[in-house]
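Structural overview
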Amino acid sequence: MIHRLAAFVKSPIARWIVGVTLVMCALLIWRPTFCEFFELKLYDLKFRFRGPIPAGQQVAIVAIDDDSLKTVGRWPWSRENMARMLTRLKQAGPRVIALDIIFAEKEQTASYQAIKNLSDGLARRGVSPEILKILEVEKNRADVDRLLAKVLKQGSPTILGFFFRSLGGKTRGVEADKLMGASFLQASTYNVVRLLDTKPSQVQLVGAAGIERNLPEITEAGAGDGYFNMIPDPDGTVRWFPMAVMYGGEFFAPMALVTLSHAAERAPMAITLSRWGVDEVRLGPHTVPVDRYGRMLINYLGPEGSIPTYSATGVMNGTLPPEALKDKIVIVGATAVGIYDLRVTPFSGTFPGVEVQATIMDNLLRGNFIRTPPFGLIFMLLVLVALAVMLGIVLPRFSAAWAFIFTLIIIEAYVGFNYYLFTRQGLQLELFYPLGLIVLVYLGVTMQRFLAEERERERIRKTFESYVAPAVVQEMLKHPEQLRLGGERREITVLFTDIRGFTTMSENLNPEALVKLLHDFLNPMSNIIINQGGTIDKYMGDAIMALFGAPLVQPDHPRLACRAALEMVGSLAALNQTWAEQGRPPLKVGVGVNTGPVAVGNMGSDRLFDYTAIGDNVNLASRLEGLNKYYGTSILISDTTAKALEGGFILRDVDLVRVKGKVQGVRIHELLGEGEPDPELARFLELHHRALSLYREKRFPECQPVFAQALEIHPGDATCQHYLTLAQKHHETPPARDWEAVTVMEGK
């Protein structure tokens, strides 16, 4: 047992598992951006799978929505409209009102400015103080900011919102009490701050570089103040909410917490900090779970509209049911699309920011938090080590199939347990890092098995590649049972090509030049065939026989073969230009393509056999290649191939040919290109096909001028010239009555 364990520890599998575990533990500690991206998306998926959950009945939203903008006017509204809306809202009897809106700039109406100018002008002229006093009263009446402040003081307490600039950075050297005043600090900061073993300057807390708050008279009118900043994750999604911000040496509380403090009869807000960061945030007797940076995970209830939402128009018009907002915590904010207070959440890419604030309040009120386990990093490191040990012991003992099944079971078990903790216990555990470890360990064990098998496959491959094509070797390795004589009947496409006039050319070249010429021709042609998915069956001097659809099944083998043929002819034209500069003779090729059922498999003797195709359709492809000399074409395909293409290629009907070995005539086509023909070629094909139809109907005098018109477009076309000569001959000497437009080819 000890020797076996020692052997396992020294094995490549053990080294791989240890390495993977160390890497995943390092990534968990370091948390690089690309890993966190996947972890965050998996976290979002848990919300999606969980689906919406009911909201509480204590929080409601009064939304400045699109209907409100249509009724009142564009945003921002005047202070008068805001005062009117808040007056009607307070008449509904809410417990507390929170404004997800900021009034940072003074609004001066035309009446206010006119009275002010009049008062200033009369003061310069020495008007009596009684008149100036009357004007001052009227000026105050026209001051809409003062009007709004008056409304804020009345009725239900109103919590104002403000925001920090450059949130997330460090606080600049400012003193908050001198910058903002004692009353503002008292209304917007934590009541109780406990520093266990650190100084305020050493606390690892979210900081800010500046602040944007409401006008002083409006600030004084509010019952409290809180920031409404949100910090999205790197992918733009808001998942965390900062429950404390440090600015100017003070610890500020968010609007949601300040609002609930007033709703609970000014329950104290307390924060405890140490050198490791935030230890605890409390609202009265209740603890808010936060991380070391003071951030709380938001437990989203569902998509937009999960929190009861009422239009500001209904509030202002008095059409809202009286009990809708009674004794509720009401947050007022904008949801209209044009105002752009929209956030990305796990449920939606356009989620109103005011509903995020309302969701946080709902979480705080009902205590339905999402927590992370105590000492979460250490806990997850132990999980990774435990998974690695279990997989390292079990996987090497199983076969490949059972190892795969066991790995799937472990993945499903961990994901299911993780999801259960998230939905039932509100506990967030990482998914990406454990799943990454499981997958990598499994891949490592499987790779070791694969490498052992690959070494054996490599030995077989090197043995057989000396005799057969690499593609065939791969097929043999996949299906070793096929290493026998015989084959199968399969529909494939066969391609033949050879050099025109090669025999004559070879007589004028020395052996070295001939070998070089063949290599320079066969090498690019072979690459084209292989790149198009074909298998080179054999070389026959200057000729190539290729198979498409065997040994590997290819549903679109006719199209692949035709693309290869077109590319070969096009590539040869480019090669001829290069060779002409070198003083070498140009080459011309003929290509024949045919589709049909053949016998394909290992053919030969017991001592030596080859993977090839035989049958009548193979012979027809060879005949088509030879017919190119007769018609002056480059690529000829059979009618079965043309029909299998189902369009997409440019074809010309050439002839009905009865080749040697065939009783029936075979329709053949010239392959000219892929796609749609240009106008000139389209006109040429239309004339050719019309003339050919007349020719086959024995209307020889009528077809001659049409062939002549086609030749005017392509003067050197050998096929048209061939038919024009035949038409003239048959016109002068009419054929027998049983004549058919079928060409009989006796030779190969």
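Structure's up top.
All of the points below concern the structure found in this document.

Take unusual backbone geometry next. Put simply, tryptophan 75 and proline 76 share a cis peptide bond, and its omega is 0 degrees. Relative to the elements of secondary structure, proline 76 occurs in the loop between α4 (66–72) and α5 (79–91). The backbone phi angle of lysine 698 is positive, close to 65 degrees, even though this residue is not glycine. Its location among the elements puts lysine 698 in the loop between α24 (679–696) and α25 (700–713).

Assignment of secondary structure puts threonine 359 in helix α14 (residues 353–366). For threonine 359, a relative accessible area of 2% translates into the label buried. In contact with threonine 359, other than residues within four places in its own chain, are Ile298, Asn299, Tyr300, Leu301 and Ile307.

Time to look at helix α2 (residues 12–30). Taking 1.5 Å as the rise per residue, α2 with 19 residues should run 27 Å; its terminal C-alpha atoms sit 27 Å apart, in good agreement. Residues Ile13, Ala14, Ile17, Val20, Thr21, Met24, Cys25, Leu27 and Leu28 constitute the buried set of α2. The buried residues of α2 occupy one face: seen down the axis, they fall within an arc of 160 degrees. Exposed and facing more than 90 degrees away from the buried side of α2 are Arg15, Leu22, Ile29 and Trp30. The positive-phi residue at the C-terminal boundary of α2 is arginine 31, with phi of around 55 degrees.

For the rest of this paragraph, the subject is the packing of helix α20 (residues 511–531) against helix α21 (residues 557–581). For the pair α20 and α21, interaxial distance at closest approach is 10 Å and the crossing angle is 150 degrees. With respect to α21, the element α20 is oriented roughly antiparallel. Of the two elements, α20 crosses α21, and the hand of that crossing is right-handed. The segment α20 lies against α21, with Asp520, Phe521, Pro524, Met525, Ile528 and Ile529 engaging Ala564, Glu567, Met568, Ser571, Leu572, Leu575 and Trp579. When grouped by side-chain class, the residues that make up the contact of α20 with α21 number ten nonpolar, one polar and two charged.

Mapped onto the elements, valine 654 comes out in strand β24 (residues 649–658). Since its relative accessible area comes to 0%, valine 654 is described here as buried. Valine 654 sits 35 residues away from histidine 689 along the chain, and the two C-alpha atoms are 8.8 Å apart. Here valine 654 is in contact with Tyr631, Leu636, Ile668, His669, Glu670, Leu692, Arg696, Thr719 and Tyr723, once residues within four sequence places are set aside.

Locating aspartate 100 in the fold gives a position in the loop between β2 (96–99) and α6 (110–124). The spatial distance from the C-alpha of aspartate 100 to the C-alpha of glycine 353 is 8.6 Å, given a sequence separation of 253 residues. If near-sequence neighbours (up to four positions away) are discounted, aspartate 100 is found in contact with Phe228, Met255, Ile331, Val332, Gly333, Asp341, Gly353, Val354 and Gln357.

Let us now look at the pairing of strand β19 (residues 535–540). Of the strand pairs in this sheet, β19 and strand β20 (residues 543–548) are connected by five bridges, and their pairing is antiparallel. Each bridged residue has a counterpart across the sheet, and for isoleucine 536 the counterpart in β20 is alanine 546. As consecutive antiparallel partners, β19 and β20 are separated by two residues, and within that stretch glycine 541 has a phi angle of approximately 70 degrees, a positive value.

So, about the pattern of salt bridges. Within this structure, the stated rule accounts for 30 salt bridges. The partner of aspartate 145 in a salt bridge is lysine 106, and the shortest N-O contact between them spans 3.5 Å. Of this pair, aspartate 145 sits in helix α8 (residues 144–153) while lysine 106 sits in the loop between β2 and α6; the two residues are 39 residues apart in sequence, bridging distant segments of the chain. The class for lysine 106 is partly exposed, based on a relative accessible area of 37%. The closest approach of N and O atoms between glutamate 280 and arginine 282, which form a salt bridge, is 3.5 Å. For glutamate 280, a relative accessible area of 23% corresponds to the partly exposed category. Note on arginine 282: relative accessible area 25%, which makes it partly exposed.

What counts, and where the lines are drawn
- Residues numbered from 1 in each chain as written.
- Predicted model: local features only at pLDDT ≥ 70, side-chain atom pairs only at ≥ 80, totals over all residues.
- Heavy atoms only, no water.
- Helix = DSSP H or I, 4+ residues; strand = E, 2+ residues; numbered from the N terminus.
- Buried < 20%, exposed > 50% of the residue type's maximum accessible area, 1.4 Å probe, protein only.
- Contact = heavy atoms within 4.5 Å.
- Expected span 1.5 Å × (residues − 1).
- Arc of directions from axis to C-beta.
- Axes fitted to C-alpha atoms, helices over the stretch in contact; angles between N-to-C directions.
- Parallel < 35°, antiparallel > 145°, perpendicular 65-115°, else oblique.
- Left-handed = near helix turned anticlockwise from the far one by under 90°.
- Nonpolar A, V, L, I, M, F, W, Y, C, P; charged D, E, K, R; others polar.
- Pairing = 2+ DSSP bridges.
- Salt bridge = Lys/Arg side-chain N within 4 Å of Asp/Glu carboxyl O.

All quantities given are derived from atomic positions and should not be read as evidence of function.
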